[in-house]
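# Structural features, examined
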Amino acid sequence: MESKTIYSTIRKILIDKGIKGKAHQEFIDKLIGNGNLIHYLYTQLYSNRDDLDKSFIELLELIVDSYIGRSPTLKKRDQDKEKKGTWVLSNELVGMSLYVDRFSGNLKGLSKRIDYLQDLGINLLHLMPLFESPENASDGGYSVSNYRVIDKRFGTIRDLKNLQQDLQGNNMFLMIDIVLNHTSDQHEWAKKAKQGDLYYQDFYYLYDDRSVPDQMEAHMPEIFPESSPGSFVYNKEMDKWVMSVFHNYQWDLNFTNPQVLKAMLNNVFFYANLGVDILRVDAPAFIWKQMGTSCQNLPQAHTILQLIKVALQVAAPGMAILGEAIVAPHEIMDYFGKGYMTNKECDLAYNAAQMALQW
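Okay, so let's go over this structure.

Here is what the cut-offs are and how they apply
Residues numbered from 1 in each chain as written. Predicted model: local features only at pLDDT ≥ 70, side-chain atom pairs only at ≥ 80, totals over all residues. Heavy atoms only, no water. Helix = DSSP H or I, 4+ residues; strand = E, 2+ residues; numbered from the N terminus. Rg over C-alpha atoms; globule rule 2.2 N^0.38 Å. Buried < 20%, exposed > 50% of the residue type's maximum accessible area, 1.4 Å probe, protein only. Contact = heavy atoms within 4.5 Å. Areas by Shrake-Rupley, 256 points an atom, 1.4 Å probe, with all protein chains shown as cover. Pairing = 2+ DSSP bridges. Axes fitted to C-alpha atoms, helices over the stretch in contact; angles between N-to-C directions. Parallel < 35°, antiparallel > 145°, perpendicular 65-115°, else oblique. Left-handed = near helix turned anticlockwise from the far one by under 90°. Nonpolar A, V, L, I, M, F, W, Y, C, P; charged D, E, K, R; others polar. Salt bridge = Lys/Arg side-chain N within 4 Å of Asp/Glu carboxyl O. Core = buried A, V, L, I, M, F, W, Y, C linked by side-chain atoms within 4.5 Å. Expected span 1.5 Å × (residues − 1).

### A short note on the overall build of the protein
When helices and strands are counted, the protein shows 15 helices and 13 strands. Since a compact globule built from 359 residues should have a radius of gyration of about 21 Å, the 21 Å found for the protein is in line with a globular shape. Along the longest, intermediate and shortest principal axes, the C-alpha atoms of the protein span 55 × 55 × 40 Å. Relative to its full complement of 359 residues, the protein shows a buried share of 53%. Long-range pairs, those at least 24 residues apart, make up 70% of the contacts in the protein between residues at least 6 apart in sequence. Accessible area for the protein stands at about 16,800 Å²; split by element, carbon and sulfur atoms hold 50% of it.

### Examining the sheet that holds strand β8 (residues 232-235)
On the basis of which strands lie adjacent, the open sheet formed by 3 strands has the order β7-β9-β8 and antiparallel pairing. Bordering the open sheet on either side are β7 (206-207) and β8, each of which pairs with just one other strand. Sheet topology note: the β8/strand β9 (residues 240-243) ladder contains 4 bridges and is antiparallel. The residue bridging Y234 from the neighbouring strand is W241, located in β9.

### Topic: the packing of helix α3 (residues 52-68) against helix α13 (residues 299-315)
Across the interface, α3 lies against α13 with an axial gap of 9 Å and an inter-helix angle of 40°. Classified by the angle their axes make, α3 and α13 are oblique. The handedness of the crossing between α3 and α13 comes out as right-handed. Here L59, I63 and Y67 of α3 come into contact with α13, specifically with L307, A311, V314 and A315. Here the contact of α3 with α13 is composed, by residue class, of 7 nonpolar, no polar and no charged.

### Some details on the side chain of K30
Inspection of the secondary structure assignment puts K30 in helix α2 (residues 25-46). When sequence neighbours within four positions are dropped, the list of residues in contact with K30 reads E82, Q313, V314 and P317.

### Details of the sheet that holds strand β11 (residues 278-282)
Strand order across the open sheet formed by 6 strands is β1-β2-β5-β11-β12-β13, with parallel pairing between neighbours. Looking along the sheet, the strands with just one partner apiece sit at the ends: β1 (95-98) and β13 (348-349). In the sheet, β1 pairs with strand β2 (residues 124-127) via 4 bridges, with the strands oriented parallel. If you follow G95 over to β2, its bridge partner there is L124. In this fold helix α8 (residues 157-169) packs onto β2 and β5 (173-179), with an angle of close to 145° to the strand it touches most, β5.

### A look at the pattern of salt bridges
Under the defined criterion, the tally for this structure stands at 22 salt bridges. Linking E324 and R280 is a salt bridge whose minimum nitrogen-to-oxygen distance equals 3.4 Å. Residue E324 is found in strand β12 (residues 320-324), and its partner R280 is found in strand β11; the two are separated by 44 residues along the sequence. As far as burial versus exposure is concerned, E324 and R280 are alike and both buried. Where salt bridges share partners, they join D177, R280, D282 and E324 into one cluster.

### Re the environment of K76
Residue position: K76 is located in helix α4 (residues 72-83). On a C-alpha basis, the gap between K76 and N248 in space is 44 Å, while along the polypeptide they are 172 residues apart.

### Description of the nonpolar core
Membership of the largest hydrophobic core comes to 110 residues, with the highest contact counts inside it found for F27, L31, I63, L127, L130 and F255. With residues near it in sequence (within four places) discarded, I63 still touches F27, L31, I38, F269, A311, V314 and A315. Counting 9 residues, the second-largest nonpolar core is a separate cluster that includes V88, L124, M175 and L322.

### Observations concerning α8
Look at α8: 18 Å from first C-alpha to last across 13 residues, which is about the 18 Å you get at 1.5 Å a residue. Of the residues trailing α8, N171 is marked for its positive phi of about 55°.

### A few points about the environment of K75
By secondary structure assignment, the location of K75 is in helix α4. With relative accessibility at 22%, the residue K75 sits in the partly exposed group. In this structure the C-alpha to C-alpha distance between K75 and T342, which are 267 residues apart in sequence, comes to 26 Å. Not counting residues up to four positions away in its chain, the partners in contact with K75 are Y67 and R70.

Here you go:
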């Protein structure tokens, strides 16, 4: 699309969605102002696809719908954060990571301990994995079977929203995780793939025999060589080999399919509109795979993060992104963006070498 076409496409979507007037002007300006950048990043990933224009329009519609679904309270919070500049780098933030069940039993119990946390000086809570995962194949909660259902041990989505409101009322902040690289093999998408649904089979890397997996594994280091050797697992139900870089019950999502990006960005916005302040992106180094490479830290992985960041900056600018890239120090810096995209990728990234040295 040319710039004029992008502009007219955005205008049409806004009109169709009823977005007009002064109340929405800031969002309109942001979407139009970032339209070319969103298109550029998107085409870096999907320019070879026949459905490029159609899927790009779907992406724009998702961004607009996510803005529409954002509450007035969160929009006001967005504005307050933007006035502070890079709020997430404030030296007034003091964070704590915790397992909800071990700290307070459940989310309702955590809400009752806010006074205690404030006495400690804590104003940022990072809750370790909360979402539904199979009991005997959870990888500590990082094998997600439903991105929108809280594990019953912790409570419900309503409980999480209530906690978020309690934290916000006490000028505190919330961080949770999202696992972009893979789902549990018990996720609805994986179940439908096993049933033969071609649409959802395209959500994963599936192969009829070992020829492609063997070629890829020649360049891919094993993550868990003792417990889960190799990067592919055979599935009897489909009679196919499935990419599973981490554990064999964690199926890697195929981000070369734009519908996967759209589905996961939809989950990102779901968390944003719950009021999550910081989203910790688990294992971002792995989210793009390519034959003949280690399938880690590829340029397209950075492009995906940049696309997520600009989409959030338009529709939910109050949510920051933390990249959990456990890579060499010189590679960690790349997760903040390079060149024109400097400071347009992750807002925060773990210093993996420092953490290891301290441990």
